[in-house]
Amino acid sequence: MFSWASYRFVRLSLAFILGIFIAYRWPGLRHLVFDFFLYACLVLGLLYFFLKPKRMRRFRPLIGMLCLLIFFLAGYTRYSQSVRKHDPLHLYHVTETPTFYRSIIIEPEREKPNKNQVLAKIQAIKVAGQWKVAKGKVLFTYKREELKFSYGDQLIIKGGPRFIPSPSNPHAFNYQQFMSFQQVWHQHFLTSDKVLVLGNFPPSRFMNYIYRLRSSVIGVFREHIKGEEAFQVVKAMVIGVREGLSIELKDSYSISGTMHILAVSGLHVGILYSIIYAIFGGITRRSRGRGLFYILAIFLLWIYAILTGLSPSVFRATVMLTLVIIGQARQQGGSFFNSLAMAALLLLLYNPSSLFQVGFQFSFLAVSGIVFFQPKIFPLLKFEGVLLNWAWKLMTVSFSAQLMILPLSIYYFHFLPVYFLFANLIAIPAAIGILWLGLILLSCSFLYSLAGFLGVLLEGIVLFLNTSMRWIRALPASHVDELYLDEWQVLVIYTLGLTLILCFIFRNLTFLKLAFLISLFFSGYTFNQKKKQNQQQKLVFYDTNESILLDLIEGRRSLLVTDTSSESLNLFYDVFPNWVASGVKSEILPMGQEGKVDRLIGALDLVVWKNKRIIFFSRPSKKDMTLTKPVAVDYVVIRNNSLTHLEPVIKNFEFDLLIIDSTNKKYIGKKLEMEAEKFNLPFYSTKSSGALIVDL
C-alpha cells in the first residue's frame, strides 16, 4: 500500500523548488521572505522545545505544514542569495565604462567554430583613473589562433565588458537569460592588443589539478585516436567535453533522438555503475560484502567524476547515483524517490539556478520516468529469446524517459524525433562499448600497442554509430517539427500527468475528475490560442544586420519579404522561432516580384500590403531625390547607411513612423535618431529596441 509519509524528502524538495520558482518570478520580496523564514524557524523551534512527545502528536499536521513552509521560504531565500548581481560591488551596478579591469580565468577554454570562449571572474576595475574592487563574471570570446588562456591566468583587459543583450527578435533563444542562470551578465570580445597576462594564479589547487588531469586524459585520446570526428565523439562520451563536435553531427544525433549519449550524464554514470558491478559485484555475496561494494562503487564513481573535470552534468549524475546507492544500502521504504529528491535538494542548495537549466530538468524527469513507468510497461510483452527480451527492455527504458521529458522537449526544441526507439537500440549499446573501451584505453595507455589497437577499435565503433545516426536522420519523416508549447501548456500537461499518476496510485475517482477538469482547461486554453492565431494580422520588422526581413502575417500564413535569395538566408535563429510560436506556414517573397512587392527606380523599395505602404531606403543614391509632392506612406525604413541625414525623407514623404534598422553603422544610426528627435519625428530603432511588431 502506498504511504505518502515515507516520501518525506519528496515533499520537502517540492516545497524548496516552489520557493526557488517564486523567487525567480517575483524577486522583489526577498527581504520580507527572509524575515518570515526566521519567524517560521523560531515557531518550529519553540514547538519542539515546549511540547511534550505525547502532545506533539496532536500538532503533527501543523508541524508538517510549518516544515513545508520553512523549506518553501528557504528555497526563496537561497535563490535570492545566489543571484550575484544583488551584491552592491557587482559590475551590474557600475554605470561608467571601465578603462581597464583585472580578471582571472576560472575554467578551461571552450572550443567554438572559428573561436574560443572562456569564463573569467572580475577582481577590480579602473574607473575615473582609480582602481576599485568589483565582482562579477564575464564571458571572453576570441580568435583561437590569436589568444590562448589557461585556468588561473590573471589578466589586465583594456576597455570594459558589455551587457549580454536580450533577444532582439520575437521568441528567439534568450541567451541573456541562459547565461544569467550561470551568474554571467557580461561579455567581451578580446584581441591580443587589449590583453596583458600578469601570470598564472589558480583560485583553487584542487580544481587546477582536476583540469590538468582532464587535459592529460584528452591528450591520451588525441594520441591514440587518429580520426578527428572519432576523437571528438569519444571525448564527448567518455569525459563530457563536446565543444569540438560539428553542428551537422550534433543535428544528426538530435534528430535521431540520441543526443543524450553525446554528453556525460546519468546514462553514462549508470553504465559505469554496471561496469563496476560486473567487475566487483561478486563481493556482495560475502558477509559484509554488500557495504564494501557500495563504498567501492561510490569511490570509483567520484574518481570518474574527477576525471571528467566535475562538469555540471557529471557532478549532478554522480550525486544522484551516490544518494540512490546510499538509499539502497539503508533499504528504506520509498528510498529511490527519496534519494532522488534528496539529490535534487542538495544540488539546488549548492546552485539554485540549476532548476532552470535544461540538463537538470531532463535528468531528474527522465530518471523519474524510467523508475515509475518502465517496470509497468516492461511486463506487457514477453519474449522467449534473451536478445529480444533485452531489446524490449532497452526500448521500454527509452520510451519511459522520452514520455517524461516530451512536453519540455517540445517547449525547448520544437520538434519530436520519430525513430528514437530504434535509434537508441543502436546508440546505447554503442555508448556502452565506447565507455568500456575508453576507460580501458585510459588505464593501459602505457602499453602503446594495445592502446593503439583500442584506438582503432573505438574509431570503428564511432564510425558505425555516426553513420547509423546520419542514416536515421535521412529517413523519411525522421522527425516532426514546428511543434510549440508555451510555459502554461507545459505546466498544465505535467499537472495533468501527476493527477493521473495519483489516480493510479490511490485508485481514487476524485483525481480522475480533477484530471478531466484540467483536460478541459487545457483544451479551452489551446483552442483560444488557435483562435487568436487564425485571426492575427501583423507586420514584423525583424532585427537583422544584413537582409530585409519583413513578415506579413495573416491568420496561419506568412509572407517573408526579403532582398536576399532564399538559398543565402539563415532564418533559424531570427525568424523560425516566431513562425513556430505564431503557428504559420511561410512563403519567402523576393523583392521585385511583380504584383506583390515593387522595386522603384533608384534607391527605394516599396511594399504594399493590407493598405499599408512601406518604403525602404536600401541603397545610397548619387542623385538628390525630389518628388513633385510628398507621398503618403505608413512606414519609412532606412537601412544599409543609405542616408546620413533625414532631409530626403522629410521633403518627399508623409509617414506615421520612421524605422532605423540595424544594418546602419552605429554612428549613422545615432545621428539619424538625434535628427529625428530634433524635428520631433516618430521613430523606432531596431538596434536599441529589437524587432518591431505591428498588430493590424
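Residues numbered from 1 in each chain as written. Predicted model: local features only at pLDDT ≥ 70, side-chain atom pairs only at ≥ 80, totals over all residues. Heavy atoms only, no water.

Re the overall build of the protein chain
Let me state the cut-off plainly: A run of H or I in DSSP counts as a helix once it spans at least four residues, and a run of E counts as a strand once it spans at least two, with each numbered from the N terminus. For this measure, only C-alpha atoms enter the radius of gyration; the expected value for a globule follows 2.2 Å times N^0.38, where N is the number of residues. Residue burial is assigned from relative accessible area. The probe radius is 1.4 Å, only protein chains are included, and a residue is buried under 20% of its type maximum, exposed over 50%, and partly exposed in between.
If you tally the helices and strands in the protein chain, you get 22 helices and 24 strands. By the compact-globule yardstick of 26 Å for 696 residues, the protein chain fits well, its C-alpha radius of gyration being 29 Å. Along the three orthogonal principal directions, the C-alpha set of the protein chain runs to about 100 × 70 × 65 Å. Here the protein chain holds 696 residues, and the buried ones make up 45% of them.

Looking at unusual backbone geometry
Backbone geometry at His-171 places phi at a positive 65 degrees, although glycine is not the residue there. If you trace the backbone, His-171 turns up in the loop between strand 7 (162-163) and helix 5 (175-180). The phi torsion at His-414 lies on the positive side, around 65 degrees, for a residue other than glycine. Tracing the backbone through its elements, the reader meets His-414 in the loop between helix 14 (386-413) and strand 10 (415-417).

Considering empty space enclosed by the protein
Stated formally: Only protein atoms enter the calculation, which uses a 1 Å grid: trapped sets of points that fit a 1.4 Å probe without letting it out are cavities, open sets showing protein on both sides within 12 Å along at least five of seven lines are pockets, and any residue with an atom within 4 Å of a point is a lining residue. Grid points are joined across faces, edges and corners, and a volume is the space filled by probe spheres set on the points. Ten residue types, Ala, Val, Leu, Ile, Met, Phe, Trp, Tyr, Cys and Pro, are classed as nonpolar, four, Asp, Glu, Lys and Arg, as charged, and the remainder, Gly among them, as polar.
Evaluation of the coordinates by the stated rule reveals two cavities of 30 Å³ or more. Considered as a void within the structure, the largest cavity measures approximately 90 Å³ in volume. Lining of the largest cavity is provided by 13 residues; of these, Phe-541, Tyr-542, Leu-549, Phe-616 and Asp-661 occupy positions nearest its centre. In terms of residue class, the lining of the largest cavity is built from eight nonpolar, three polar and two charged. For the second largest cavity, the full set of lining residues is Ser-265, Gly-266, Ser-313, Arg-316, Ala-317, Met-320 and Ser-363. When residues in the lining of the second largest cavity are grouped by element, the largest group, four residues, is from helix 11 (residues 312-330). Counted by class, the lining of the second largest cavity contains two nonpolar, four polar and one charged residues.

Quick notes on the nonpolar core
What counts is decided by this rule: Definition used in this section: a nonpolar core is a set of buried Ala, Val, Leu, Ile, Met, Phe, Trp, Tyr and Cys residues joined via side-chain atoms within 4.5 Å. Note on definitions: a residue-residue contact is assigned when non-hydrogen atoms from the two residues lie within 4.5 Å.
One finds Phe-221 and Leu-465 to be the most contacted residues of the largest nonpolar core, which totals 56 residues. Going through the elements one at a time, helix 6 (205-224), helix 7 (228-239), helix 8 (247-256), helix 9 (266-280), helix 10 (289-307), helix 11, helix 15 (420-443) and helix 16 (448-474) are the ones with two or more residues in this core. Take this core: its biggest share by element is 11 residues, from helix 15. Those residues in contact with Phe-221 that lie beyond four places of it in its chain are Phe-231, Val-234, Val-238, Gly-438, Leu-441 and Leu-442. Judged by nonpolar contacts, the second largest core, of 22 residues, contains Phe-181, Ala-344, Leu-347 and Phe-356.

Considerations on the packing of aromatic side chains
Rules: Aromatic pairing here means that ring centres of Phe, Tyr or Trp (its six-membered ring) are within 6.5 Å. Orientation follows from the plane angle: under 30 degrees is stacked, over 60 is edge-to-face, and everything else is tilted. We call a charge positioned above a ring when the Lys NZ or Arg CZ atom is no farther than 6 Å from the ring centre and deviates by at most 35 degrees from the ring normal.
Tallied over the full model, the rule gives 27 aromatic pairs. Ring centres of Tyr-411 and Tyr-412 lie 5.0 Å apart, and the angle between their planes is 70 degrees; this geometry places the pair in the edge-to-face category. Residue Tyr-412 is classed as partly exposed on the basis of its relative accessible area of 27%. The ring of Phe-231 carries Arg-222 above its face, with NZ or CZ at 3.9 Å from the centroid. The ring of Phe-372 carries Lys-376 above its face, with NZ or CZ at 4.1 Å from the centroid.

Remarks on the environment of Pro-379
With respect to the helices and strands, Pro-379 occurs in the loop between helix 13 (358-377) and helix 14. What makes Pro-379 partly exposed here is its relative accessible area of 46%. Between the C-alpha atoms of Pro-379 and Trp-392, which are 13 residues apart in sequence, the distance is 10.0 Å.

Thoughts on the side chain of His-90
Which entries qualify depends on this criterion: N or O atoms within 3.5 Å of each other form a polar contact, as long as, within protein, one can give a hydrogen and the other can take it, and as long as residues adjacent in sequence are counted only when both atoms are side-chain atoms.
Mapped onto the fold, His-90 is located in the loop between helix 4 (60-82) and strand 1 (100-105). A polar contact is formed between the side chain of His-90 and the backbone nitrogen of Tyr-92, at a distance of 2.9 Å.

Brief notes about the sheet that holds strand 13 (residues 550-554)
Basically, it comes down to this: Two strands are counted as paired when DSSP detects at least two bridges linking them. Inter-axis angles, ranging from 0 to 180 degrees, are taken between N-to-C directions of lines fitted to C-alpha atoms, where helices are fitted over the stretch in contact.
Strand order in the open sheet formed by five strands is 15-14-13-12-24, and the pairing between neighbours is mixed. In the strand order of this sheet, the two ends are held by strand 15 (585-590) and strand 24 (692-695), each with one partner. Between one strand and the next, the sheet's axes are offset by a mean angle of 20 degrees, whatever the strand orientation. Alignment of strand 14 (residues 557-562) against strand 15, held across six bridges, turns out to be parallel. When the bridges of strand 15 are listed, Leu-560 appears paired with Ile-588.

Details of the layout of surface pockets
In this structure, the second largest pocket encloses a volume near 480 Å³. Every element with two or more residues in the lining of the second largest pocket is listed here: helix 18 (509-535) and helix 19 (576-582).

Here we look at a positive patch on the surface
For clarity, the cut-off: Patch construction takes residues with relative accessible area above 30% that form no salt bridge. Like charges are linked within 9 Å, and nonpolar side chains (Val, Leu, Ile, Met, Phe, Trp, Tyr) are linked within 5 Å. Using a 1.4 Å probe, accessible areas were evaluated by the Shrake-Rupley method; residue-level cover was limited to the displayed protein chains. What counts as a salt bridge is simple: a side-chain nitrogen of Lys or Arg found within 4 Å of a carboxyl oxygen of Asp or Glu. Charged-residue counts in this description rest on Lys and Arg as positive and Asp and Glu as negative, His and the chain ends being excluded. Note on charges: their place is set at NZ of Lys, CZ of Arg, CG of Asp or CD of Glu.
Taken together, the side chains of Lys-158, Arg-162, Lys-194, Lys-666, Lys-670 and Lys-687 define a basic patch exposed on the protein surface. Mapped onto the elements, Lys-687 comes out in helix 22 (residues 686-689).

Structural notes on the confidence of the model for the protein chain
Basically, it comes down to this: What pLDDT expresses is the predictor's confidence in each residue, scored from 0 to 100.
Of all residues in the protein chain, 91% have pLDDT values of 70 or greater, and the mean over the chain is 85. Here residues 594-602 scores under 50 on pLDDT; set against residues more than four positions off or in separate chains, the count is 22 contacts.

So, the side chain of Ser-82
Position of Ser-82 among the secondary structure elements: in helix 4. The class of Ser-82 is buried, set by a relative accessible area of 6%.

Section: the packing of helix 14 against helix 15
Heads up, the condition is: When describing relative orientation, an angle under 35 degrees is termed roughly parallel and one over 145 degrees roughly antiparallel, while 65 to 115 degrees is termed roughly perpendicular and anything else oblique. The crossing is said to be left-handed when, going from far helix to near helix, the turn is anticlockwise and less than a right angle, and right-handed when the turn is clockwise.
Two elements in contact, helix 14 and helix 15, have axes separated by 9 Å at closest approach and are oriented at 115 degrees. By the angle between their directions, the pair helix 14 and helix 15 is classed as roughly perpendicular. Two packed elements cross with a definite hand, and for helix 14 against helix 15 that hand is right-handed. Residues Trp-390, Ala-391, Leu-394, Met-395, Ser-398, Phe-399 and Gln-402 of helix 14 touch helix 15, and the partners they reach there are Phe-420, Leu-421, Asn-424, Leu-425, Ile-428 and Pro-429. Of the residues belonging to the contact of helix 14 with helix 15, the class tally is 10 nonpolar, three polar and no charged.

Quick notes on helix 21 (residues 666-678)
Filter applied, for reference: Multiply 1.5 Å by the residue count of a helix minus one, and that product is the helix's expected span. The arc in question is formed by the directions pointing from the helix axis toward the C-beta atoms.
For helix 21, with 13 residues, the first-to-last C-alpha span of 18 Å sits near the 18 Å given by 1.5 Å per residue. Considered for burial, the residues of helix 21 that qualify are Ile-668, Gly-669, Leu-672, Glu-673, Glu-675 and Ala-676. Each buried residue of helix 21 lies within a common arc of 165 degrees when the element is viewed along its axis, so the set occupies one face. Exposed residues lying more than 90 degrees from the buried face of helix 21 are Lys-666, Tyr-667, Met-674, Glu-677 and Lys-678. Of the surrounding secondary structure, the elements contacted by the buried residues of helix 21 are strand 20 (635-638), helix 20 (647-652), strand 22 (657-660) and strand 23 (683-685).

Focus on the pairing of strand 4 (residues 130-133)
Two strands pair when backbone bridges link them, and strand 3 (residues 115-127) and strand 4 are joined in this way by four bridges, in the antiparallel orientation. Paired with Val-127 across the bridge in strand 4 is Gln-130. Here strand 3 hands over to strand 4 after two residues, with Ala-128 in that stretch at a positive phi of 55 degrees.

A word on the pattern of salt bridges
Per the stated rule, a full pass over the model turns up 14 salt bridges. With a shortest N-O distance of 2.7 Å, Arg-110 and Glu-107 are connected by a salt bridge. What makes Glu-107 buried here is its relative accessible area of 15%. Two residues, Glu-587 and Arg-557, come together in a salt bridge whose shortest N-O distance is 3.3 Å. With Glu-587 in strand 15 and Arg-557 in strand 14, the pair connects residues that are 30 residues apart, well separated along the chain. Of the residues examined, Glu-587 reaches a relative accessible area of 31% and is grouped as partly exposed. Via salt bridges that share partners, Glu-229, Glu-248 and Arg-470 belong to a single interconnected network.

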